[in-house]
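Descriptive structure summary
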Amino acid sequence: MQLDLEKEFPTENFDQDAYSISVGFQPESFWFCYQNILIHYDFEIKKRPRQVELTAWNPHQLVFNNRIGLISKNNGQLYTLNF
């Protein structure tokens, strides 16, 4: 499966914007960060069923293992996002 980020998430300066990391993959979807937003993209429906604004946490690292965990730069704490 392919996803054209420039088409799906239009912006004036795509090269300089913050597509940062692919967080996790599943057969029908994947999670990734873009401009400090955690996005769940579903290939079957070709939509984003979930997205989470991460600015308040100022994430240092994201981990995917049935849940999504992030380490905050603000306080060094580990937070778990469970969907």
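Look above for the structure.
Please read these numbers as outputs of a predicted model, since none were measured by experiment.

What counts and what doesn't
Residues numbered from 1 in each chain as written. Predicted model: local features only at pLDDT ≥ 70, side-chain atom pairs only at ≥ 80, totals over all residues. Heavy atoms only, no water. Helix = DSSP H or I, 4+ residues; strand = E, 2+ residues; numbered from the N terminus. Buried < 20%, exposed > 50% of the residue type's maximum accessible area, 1.4 Å probe, protein only. Polar contact = N/O pair within 3.5 Å; in protein donor to acceptor, adjacent residues only side chain to side chain. Pairing = 2+ DSSP bridges.

What follows concerns the side chain of S72. Within the secondary structure, S72 sits in strand β6 (residues 68-72). Overall, S72 belongs to the buried group, its relative accessible area being 4%. For S72, the side chain forms a polar contact with the main-chain nitrogen of N74, separated by 3.0 Å.

To continue, consider the environment of L62. Topologically, L62 is positioned in strand β5 (residues 59-64). When the C-alpha atoms of L62 and S72 are compared, they prove to be 9.3 Å apart, with ten residues separating the residues in sequence.

Bringing the pairing of strand β7 (residues 78-81) into the picture now. One ladder, built from four bridges, connects β6 with β7; its direction is antiparallel. From the neighbouring strand, G69 faces β7, where its bridge partner is T80. Between β6 and β7, which pair antiparallel one after the other, the connecting turn spans five residues, and G76 there sits at a positive phi close to 75°.

This is a description of form; function is not addressed.
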